[in-house]
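Each chain, written out:
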Amino acid sequence: MASTSLVNLNASSSSWIAQQSFNPPRGSSSSSVRFAGRRVAVPIRAGAYTDELLQTAKTIASPGRGILAIDESNATCGKRLSSIGLDNTETNRQAYRQLLLTTPGLGEYISGAILFEETLYQSTTDGKKFVDCLLAENIVPGIKVDKGLSPLPGSNNESWCQGLDGLASRYAEYYKQGARFAKWRTVVSIPCGPSALAVKEAAWGLARYAAISQDNGLVPIVEPEILLDGDHPIERTLEVAEHVWSEVFYYLAQNNVLFEGILLKPSMVTPGAEHKEKASPETIAKYTLTMLKRRVPPAVPGIMFLSGGQSEVEATLNLNAMNQSPNPWHVSFSYARALQNTVLKTWQGRPENVEAAQKALLVRAKANSLAQLGKYSAEGETEEAKKGMFVKGYTY
Ligand code: 13P
């Protein structure tokens, strides 16, 4: 009798996970397992995509790999292009994304790529779909689905993130096109408070988005970015991050989100960008891991940090410091600026520089891969890679 319940409760198959302690959502029913000799009702989560979500999350959170974030909206991509003197045209955006997505050997270090909608439907200049370029490297295609930030009435000049309307039908199209994970970025500002209202709104929006993503077969990346802006010490960031993540997990649970089928994209816990002292990678790792261990259940497969305006080298050093001892989750990267800066500077929009720029991308991807394994050293890094990219009031 006891052995039956142990077998049931220790089984690691995904279908078993699918039957665990979720509140029954719409369309769900109940089953039962034996526990301590008694039959216990276990609500079944009626998730058509559960096995696939678990597999997708596992592929993305695979050792030595992380995410290349190239989901800049057309306006933000325009800022990247203008930094090297290029116009913000569809042809230039395609050329830049082609450079990134056709880098030979990228899949050794990169497990997922977050795309903007335009890129998901684009092809290379010789007609190969970008999605197929990624799949050939065993990289999972992802899609940014939020519709950006808007002022939040009743708050302290804070914002809220839009994009839930029509999300399920957009997902049906993105899934057909090959996307298997999604990203929704909302922000929390420490100098603006943050107000209880803004934090609750951010957490609720993320949770609704996560539930809709899973219902449609895409692993949600949950990203409440706590902006670097401010002159506060690291202790204040820790306090705010703990508050934000406790609200996020409260509403994820309320929305019956399968924790095994999500990925997180947190900011690292650092002092505000304008604080008088900088923190070492060891201190940032200590505070960040303390916060995560207090707030994130081990059921979550992966923590994929954003870079948030840190320099390429800083972001890699901090990640490396977090992987000096085992963590309950895969701790990795989902960087945009900290993977693209040197690439852009090397490319300069010139076809003859494409190969060198792709090599620069591989250098950064490999450095972060080593940092995911806790084996990175900054020896030999260029001055360019050490330049901070923080922009006050940055919008993505
Ligand atoms: P950064 O790494 O530039 O902060 O990008 C964050 C992000 O959300 C990209 O998807």
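Where an unreviewed UniProt entry is consulted, the chain appears under the name Fructose-bisphosphate aldolase, with the organism given as Dillenia turbinata. Recorded in UniProt under Subcellular location (unreviewed entry), the annotation for the chain is "Plastid, Chloroplast".

(A) Representation of the overall build of the chain in the model. Summing up its helical and strand segments, the chain has 14 helices and twelve strands in all. The buried share among the 396 residues of the chain stands at 56%. Counting only contacts in the chain whose residues sit at least 6 apart along the sequence, the fraction spanning at least 24 positions is 78%.

(B) Looking closely at the pattern of salt bridges. One pass over the full model with this rule turns up 18 salt bridges. Residues aspartate 71 and lysine 183 are paired through a salt bridge, measuring 2.7 Å at the closest nitrogen-oxygen approach. In this pair, aspartate 71 sits in the loop between strand E3 (66-70) and helix H4 (74-82) while lysine 183 sits in strand E8 (residues 181-188), placing the two residues 112 residues apart along the sequence. Of the two residues, aspartate 71 and lysine 183, both sit in the buried class. As a salt-bridge pair, arginine 185 and glutamate 225 come within 2.6 Å of each other at their nearest N and O atoms.

(C) Just helix H11 (residues 281-295), in detail. Between its first and last C-alpha, H11 extends 21 Å over 15 residues, near the 21 Å set by a 1.5 Å rise per residue. All of the buried residues along H11 are Ile284, Ala285, Tyr287, Thr288, Leu289, Met291 and Leu292.

(D) Main features of the packing of aromatic side chains. For the structure on display, the rule yields nine aromatic pairs. Plain terms: the ring middles of tyrosine 96 and tryptophan 347 are 5.5 Å apart, the flat faces sit at 15 degrees to each other, and that makes the pair stacked. Placement of the pair is tyrosine 96 in helix H5 (residues 90-101) and tryptophan 347 in helix H13 (residues 337-347), with a sequence separation of 251 residues. The burial state of tyrosine 96 is the same as that of tryptophan 347; both residues are buried. Look at tyrosine 250 and tyrosine 251: their rings are 5.0 Å apart centre to centre, the planes differ by 75 degrees, and that puts the pair in the edge-to-face class. Every member of this aromatic cluster is reached through a ring pair, and the members are Trp204, Tyr250 and Tyr251. In this structure, arginine 180 is placed above the aromatic ring of tyrosine 175, and the distance from its NZ or CZ to the ring centre is 3.5 Å.

(E) How the structure looks around the packing of helix H8 (residues 167-177) against helix H9 (residues 196-215). The contact between H8 and H9 brings their axes to 10 Å, and the two run at 40 degrees. Between H8 and H9, the angle falls in the class oblique. Handedness of the H8/H9 crossing: right-handed. Each of Leu167, Ala168 and Tyr171 in H8 lies in contact with H9, whose residues at this interface are Tyr209, Ile212 and Ser213. Residue composition of the contact of H8 with H9, by class: five nonpolar, one polar and no charged.

(F) Structural view of the side chain of glutamate 384. If you trace the backbone, glutamate 384 turns up in the segment after helix H14 (354-372). Side-chain polar atoms of glutamate 384 contact the side chain of lysine 345, separated by 3.3 Å. In this structure the side chain of glutamate 384 is engaged in a polar contact, spanning 3.0 Å, whose partner is the side chain of lysine 387. Discounting residues that sit within four places of it in the chain, glutamate 384 has contacts with Glu312, Asn341, Thr342 and Lys345.

(G) Looking closely at the sheet that holds strand E4 (residues 110-115). Strands sit in the order E3-E4-E5-E8-E9-E10-E11-E12 around a closed barrel of eight strands; the barrel is parallel. Bridge analysis of E4 against strand E5 (residues 140-144) gives four bridges, and the strand direction is parallel. Within E5, the residue paired with leucine 115 across the bridge is isoleucine 143.

(H) Layout of the site of the ligand. Lys183, Glu223, Ser307, Gly308 and Arg337 are the nearest of the 13 residues found near the ligand. The side chain of glutamate 223 places a nitrogen or oxygen atom 2.8 Å from an oxygen atom of the ligand. Residue glycine 308 places a main-chain N or O atom 2.7 Å away from an oxygen atom belonging to the ligand. With the chains in place, 100% of the 310 Å² that the ligand exposes on its own is no longer accessible.

(I) Here's a closer look at the pairing of E4. Of all six residues making up E4, six are buried, and the element is well covered by its neighbours. In this sheet, E4 lies alongside E3 in parallel orientation, the contact comprising five bridges. What sits directly across from isoleucine 70, in E4, is leucine 115.

The rules behind the values
Residues numbered from 1 in each chain as written. Predicted model: local features only at pLDDT ≥ 70, side-chain atom pairs only at ≥ 80, totals over all residues. Heavy atoms only, no water. UniProt positions renumbered as here; feature names shortened; annotations may be inferred. Helix = DSSP H or I, 4+ residues; strand = E, 2+ residues; numbered from the N terminus. Buried < 20%, exposed > 50% of the residue type's maximum accessible area, 1.4 Å probe, protein only. Contact = heavy atoms within 4.5 Å. Salt bridge = Lys/Arg side-chain N within 4 Å of Asp/Glu carboxyl O. Expected span 1.5 Å × (residues − 1). Phe/Tyr/Trp six-rings, centres within 6.5 Å; stacked < 30°, edge-to-face > 60°. Lys NZ or Arg CZ within 6 Å of the ring centre and 35° of its normal. Axes fitted to C-alpha atoms, helices over the stretch in contact; angles between N-to-C directions. Parallel < 35°, antiparallel > 145°, perpendicular 65-115°, else oblique. Left-handed = near helix turned anticlockwise from the far one by under 90°. Nonpolar A, V, L, I, M, F, W, Y, C, P; charged D, E, K, R; others polar. Polar contact = N/O pair within 3.5 Å; in protein donor to acceptor, adjacent residues only side chain to side chain. Pairing = 2+ DSSP bridges. Near = heavy atom within 4 Å. Areas by Shrake-Rupley, 256 points an atom, 1.4 Å probe, with all protein chains shown as cover.

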